[in-house]
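Fold and geometry: a report
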Amino acid sequence: MMKKWMQILVLITSITSASTLLASGGFGEGGDGVSTMPAVTNAKWKTECGSCHMVYHPSLLPERSWKKVMTGLDKHFGENASLDAATHDEITQFLAANSADKQNNRRSSRINQSIPANETPIRISETRYFTSKHDEVSPNTFKRKSVGSASNCVACHKGAEKADFSESQVKIPR
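For clarity, every value in this text was computed on a predicted model and none was experimentally measured.

Further remarks concern the packing of helix 2 (residues 43–50) against helix 4 (residues 85–97). When two helices pack together, their arrangement is given by the angle between the helix axes and by the axis-to-axis distance. Packing of helix 2 against helix 4 leaves a shortest axis separation of 9 Å and a crossing angle of 105 degrees. Considered as vectors, helix 2 and helix 4 are oriented roughly perpendicular to each other. Across from Lys44, Trp45 and Glu48 in helix 2, the residues of helix 4 making contact are Thr87, Glu90, Ile91, Phe94 and Leu95.

The residue Ser65 is located in helix 3 (residues 63–71) in this model. When its relative accessible area of 0% is taken as the criterion, Ser65 is described as buried.

Turning next to the environment of Lys162. Tracing the backbone through its elements, the reader meets Lys162 in the segment after helix 7 (139–143). Under the relative-accessibility criterion, Lys162 is labelled exposed at 71%. In this structure the C-alpha to C-alpha distance between Lys162 and Pro38, which are 124 residues apart in sequence, comes to 8.7 Å.

With that settled, consider a positive patch on the surface. Where like charges cluster on the molecular surface, the positive patch consists of Arg144, Lys158, Lys171 and Arg174. Topologically, Lys171 is positioned in the segment after helix 7. For Lys171, a relative accessible area of 59% gives the class exposed.

Next up on the list: the environment of Ala155. You can see Ala155 is positioned in the segment after helix 7. The class for Ala155 is buried, based on a relative accessible area of 8%. Taking the C-alpha atoms as reference, Ala155 lies 9.6 Å from Phe142; in sequence the two are 13 residues apart. Dropping the residues within four chain positions of it, Ala155 is found in contact with Ser146, Val147, Lys171 and Pro173.

A separate point is the side chain of Asn98. Structurally, the position occupied by Asn98 is in the loop between helix 4 and helix 5 (106–113). Residue Asn98 is classed as buried on the basis of its relative accessible area, which comes to 16%. Of note is the side chain of Asn98, whose polar atom sits 2.9 Å from the backbone oxygen of Phe94. Asn98 has contacts with Val40, Pro58, Ser59 and Gln103, leaving out every residue within four places of it along the chain.

Before going further, it helps to spend a moment on the pattern of salt bridges. Two side chains bearing opposite charge may form a pair once their charged atoms approach each other closely. This structure, assessed with the given rule, holds 6 salt bridges. Glu90 is paired through a salt bridge with Lys44; the nearest N and O atoms lie 3.4 Å apart. Within this pair, whereas Glu90 is found in helix 4, its partner Lys44 is found in helix 2, the two being separated by 46 residues in sequence. Residues Lys75 and Asp74 are paired through a salt bridge, measuring 3.9 Å at the closest nitrogen-oxygen approach. Each of Glu63, Lys67 and Lys102 takes part in one network of salt bridges that share partners.

Moving on to the confidence of the model for the protein chain. Looking at the protein chain, the pLDDT average stands at 85 and 79% of residues meet or exceed 70. When the elements of the protein chain are averaged for pLDDT, helix 1 (residues 2–23) gives the smallest value, 54, and helix 3 the largest, 98. Within the model, the stretch residues 17–33 combines pLDDT values under 50 with 16 contacts to residues more than four positions away or in other chains.

Attention now moves to the layout of surface pockets. Put simply, the largest pocket is a space of about 580 Å³. Lining the largest pocket are 27 residues, and of these His53, Tyr56, Val69, His76 and Phe77 lie nearest its centre. Of all the secondary-structure elements, those providing two or more residues to the lining of the largest pocket are helix 2 and helix 3. There is about 490 Å³ of room inside the second largest pocket. What lines the second largest pocket is a set of 25 residues, and nearest its centre among them are Phe130, Lys133, His134, His157 and Phe165.

Reading the values: rules and limits
- Residues numbered from 1 in each chain as written.
- Predicted model: local features only at pLDDT ≥ 70, side-chain atom pairs only at ≥ 80, totals over all residues.
- Heavy atoms only, no water.
- Axes fitted to C-alpha atoms, helices over the stretch in contact; angles between N-to-C directions.
- Helix = DSSP H or I, 4+ residues; strand = E, 2+ residues; numbered from the N terminus.
- Parallel < 35°, antiparallel > 145°, perpendicular 65-115°, else oblique.
- Contact = heavy atoms within 4.5 Å.
- Buried < 20%, exposed > 50% of the residue type's maximum accessible area, 1.4 Å probe, protein only.
- Patch = residues over 30% accessible without salt bridge, like charges linked within 9 Å, V, L, I, M, F, W, Y side chains within 5 Å.
- Areas by Shrake-Rupley, 256 points an atom, 1.4 Å probe, with all protein chains shown as cover.
- Salt bridge = Lys/Arg side-chain N within 4 Å of Asp/Glu carboxyl O.
- Lys, Arg positive; Asp, Glu negative; His and termini not counted.
- Charge placed at Lys NZ, Arg CZ, Asp CG, Glu CD.
- Polar contact = N/O pair within 3.5 Å; in protein donor to acceptor, adjacent residues only side chain to side chain.
- pLDDT = per-residue confidence, 0-100.
- 1 Å grid on protein atoms, 1.4 Å probe; cavity = no way out; pocket = protein on both sides within 12 Å on 5 of 7 lines; lining within 4 Å.
- Points joined across faces, edges and corners; volume = space filled by probe spheres on them.

Laid out in structure tokens, this is it:
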């Protein structure tokens, strides 16, 4: 009788714990079932990169991609975004240390796995992960004045700069 009672108690406790974890997005999960990215910050990254565009979370690309981006700052998507050596090195080290291949969360892992080892993309929007997540979005939507392009994450994902891409928070502007 006591053994049966203990089994029931363990079962109830397990169900309650699992329900609580799932309801809270436990195990590092976001509301869309994909793990959230860790909060990261670097003052120079935020200032230098954020002065022209949103700061893209480092775990959206692997280290090799960030290094390629950083070595081409004199021709950064049509602009000269060159930095002094110390700032360049600090931001490069920050991006590398927090890149998709250095993170231990499901979204970063999926991003990293979506990029073939022989490829080094410099556009997040050209990764297979991104295209699969946005396959239902018409290319014309990205061309809207209110969106601008696929690289303007904050147009639809208000929490993008904090690496919150949960589908429940998406609002596509008209």
